[in-house]
Amino acid sequence: MATTSSLLLSTLFLHSPPSSSRFSNGSFFNPSPRSLSLYPVRSKRCLRILSKLPLDDTDNDACPLLPRLSAAAVKPFLLLCTSVALSFSLFAASPAVESAAAFVVTTPRKLQTDELATVRLFQENTPSVVYITNLAVRYLIPLVSSIGFWQDAFTLDVLEVPQGSGSGFVWDKQGHIVTNYHVIRGASDLRVTLADQTTYDAKVVGFDQDKDVAVLRIDAPKDKLRPIPVGVSADLLVGQKVFAIGNPFGLDHTLTTGVISGLRREISSAATGRPIQDVIQTDAAINPGNSGGPLLDSSGTLIGINTAIYSPSGASSGVGFSIPVDTVGGIVDQLVRFGKVTRPILGIKFAPDQSVEQLGVSGVLVLDAPPTGPAGKAGLQSTKRDGYGRLILGDIITSVNGTKVTNGSDLYRILDQCKVGDEVTVEVLRGDHKEKISVTLEPKPDET
């Protein structure tokens, strides 16, 4: 419609009549609004006549104005009438035009370069992120019938209910899924939902409680599995951009952004209390449900597993922690190959650090050294009570292989650098003197 109107207006402009037109009797006609009002025009019929130009006197009976005009003056006059009619039609149709314009889809606002990069990163990595549901068995108490007897006195109904959820990501085309151990802890069954909303039952391949890492496996078609690209965490810098993808509060595939706020942090495993070193600190929002999800760098490669937040309320407070991928990679490889992580231990139970501090000494107090463990075999002494009930302190470990030990974290840090079968020199404070004892490290017992 707009195109037709523009064409008509341009035609009128190019062929505008002179300011006055000569009548057949020699006088001039000035097409003012006053003169037009003197001659009521049947506009539709006049316009039809205009379409048959050139005109002759036989057409004049169709329009009352034409008998007063010569053939030379009719065309400019009718062009003016056409212009008036067109203007009126455009004015009458303007509300409809405006209402129709409301349905016109405008071109979306152009995204900036960094926005496009973020959108592309999310689209490329979302298929690698999964949603994990932790199911636990609940036994239902049999109901009592209306007459007071048990409906089923010998069996219990079993119901699987979700007791938690978290995130994970595809590790390889064989269906291995990596997540946090605390996401799957206590589960009777596990279900993994892929990005296309297909759900599969998952089996536990293995887990490492000390580092809060677990590996699951699903039987899914290979064309539905997109492994996440694995990067390196050794060369990370404070201030570089990071991206977290997960399922906070059950909201699947949520993207949050931030920067690396700190490096080489240390947190404790929620399962064993053993320290996890070289943890990445980030201000990217990590909420309940993000656990086990990937932390990515700006190129979209994996640099860590989101595992914990520092928050009194349980929600994101801008301090989140991720286990570095360099630590995760070695653990996952062992779990996939052997179903467990072979980690050396001394085979002792030790007192909380606060208790040792109250004694005014520095080191790790041995509470128990079973005789079948490495430390017990080597002769380390446990804490015990004498015949009168008085507490007799056991050995206090002050160093291992010449490295000073002031608390349990120091001891774990040293053992993480050792291998099964290594012989280490343990220096202990026994009574009022120090002794050095050689201990051969053994693997950690299997866990179920």
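Residues numbered from 1 in each chain as written. Predicted model: local features only at pLDDT ≥ 70, side-chain atom pairs only at ≥ 80, totals over all residues. Heavy atoms only, no water.

As named in an unreviewed UniProt entry, the protein is PDZ domain-containing protein, taken from Brassica napus.

Caption draft 1: Structural detail: the overall build of the protein. On a plain count of helices and strands, the protein comes out with 10 helices and 24 strands. Scored against the burial criterion, the 448 residues of the protein give a buried share of 39%. Accessible surface for the protein amounts to roughly 25400 Å². Of this, 56% is attributable to carbon and sulfur atoms. (Helix = DSSP H or I, 4+ residues; strand = E, 2+ residues; numbered from the N terminus. Buried < 20%, exposed > 50% of the residue type's maximum accessible area, 1.4 Å probe, protein only. Areas by Shrake-Rupley, 256 points an atom, 1.4 Å probe, with all protein chains shown as cover.)

Caption draft 2: Representation of the sheet that holds strand E9 (residues 241–246) within the structure. Here 6 strands make up a closed barrel; going around it, the order is E9-E10-E11-E14-E13-E12 and the pairing antiparallel. Strand-to-strand twist in this sheet, taken as the mean axis angle between neighbours without regard to direction, amounts to 50 degrees. When E9 meets strand E12 (residues 294–297), the two strands line up antiparallel, connected through 3 bridges. Looking at E12, one finds that Phe-243 is bridged to Leu-296. Lying over the sheet, helix H5 (residues 113–125) contacts E9, strand E10 (254–268) and E12, oriented at roughly 40 degrees with respect to E9. Running over the sheet, helix H7 (residues 325–338) touches strand E13 (302–309) and strand E14 (320–324) and is turned about 50 degrees from E14. (Pairing = 2+ DSSP bridges. Axes fitted to C-alpha atoms, helices over the stretch in contact; angles between N-to-C directions. Contact = heavy atoms within 4.5 Å.)

Caption draft 3: Layout of H7. Spanning 14 residues, H7 covers 20 Å between terminal C-alpha atoms, matching the ideal 20 Å at 1.5 Å per step. For H7, the secondary structure elements touched by its buried residues are strand E5 (176–179), strand E7 (199–208), strand E8 (213–218), E13 and E14. Phi turns positive one or two residues past the end of H7, at Gly-339, with a value near 80 degrees. (Expected span 1.5 Å × (residues − 1).)

Caption draft 4: Molecular detail of the confidence of the model for the protein. Of all residues in the protein, 67% have pLDDT values of 70 or greater, and the mean over the chain is 76. Across the protein, the secondary-structure element scoring lowest on mean pLDDT is helix H1 (residues 2–14), at 41, and the one scoring highest is E5, at 95. Below a pLDDT of 50 lies the segment residues 96–107, which in the model reaches 0 contacts outside its immediate sequence neighbourhood of four places, other chains included. (pLDDT = per-residue confidence, 0-100.)

Caption draft 5: Expanded view of the environment of Val-336. Checked against the element boundaries, Val-336 lands in helix H7. Distance in space between the C-alpha atoms of Val-336 and Phe-207 is 9.7 Å, their sequence separation being 129 residues. In contact with Val-336, not counting residues within four places along its chain, are His-176, Val-205 and Val-215.

Caption draft 6: Main features of the packing of aromatic side chains. For the structure on display, the rule yields 3 aromatic pairs. Ring centres 6.5 Å apart and planes at 40 degrees place the aromatic pair Phe-169 and Trp-171 in the tilted group. Each of the two residues, Phe-169 as well as Trp-171, counts as buried. Summarising the aromatic geometry, the rings of Tyr-181 and Phe-207 are spaced 4.9 Å apart at their centres and angled 35 degrees between planes, so their arrangement reads as tilted. Here Tyr-181, found in helix H6 (residues 181–184), pairs with Phe-207, found in strand E7; they are 26 residues apart in sequence, far enough to count as distant. (Phe/Tyr/Trp six-rings, centres within 6.5 Å; stacked < 30°, edge-to-face > 60°.)

Caption draft 7: Geometry of H5. The terminal C-alpha atoms of H5, which comprises 13 residues, lie 18 Å apart, in line with the 18 Å expected from a rise of 1.5 Å per residue. Regarding H5, the residues found buried are Thr-118, Leu-121 and Asn-125. The buried side chains of H5 occupy one side of the element, clustering within an arc of 60 degrees when seen end-on. Exposed side chains of H5 directed beyond 90 degrees from the buried face belong to Thr-113 and Gln-123. (Arc of directions from axis to C-beta.)

Caption draft 8: View of the pattern of salt bridges. The full count for this structure, using the stated rule, is 14 salt bridges. The salt bridge involving Asp-201 is made with Arg-191; its shortest N-O contact spans 3.6 Å. Remark: Arg-191 occurs in strand E6 (residues 189–193) and Asp-201 occurs in strand E7; sequence separation between them is 10 residues. The class of Arg-191 is partly exposed, set by a relative accessible area of 35%. Several salt bridges converge on common partners, so that one network encompasses Asp-208, Asp-210, Lys-211, Arg-274, Arg-343 and Asp-416. (Salt bridge = Lys/Arg side-chain N within 4 Å of Asp/Glu carboxyl O.)

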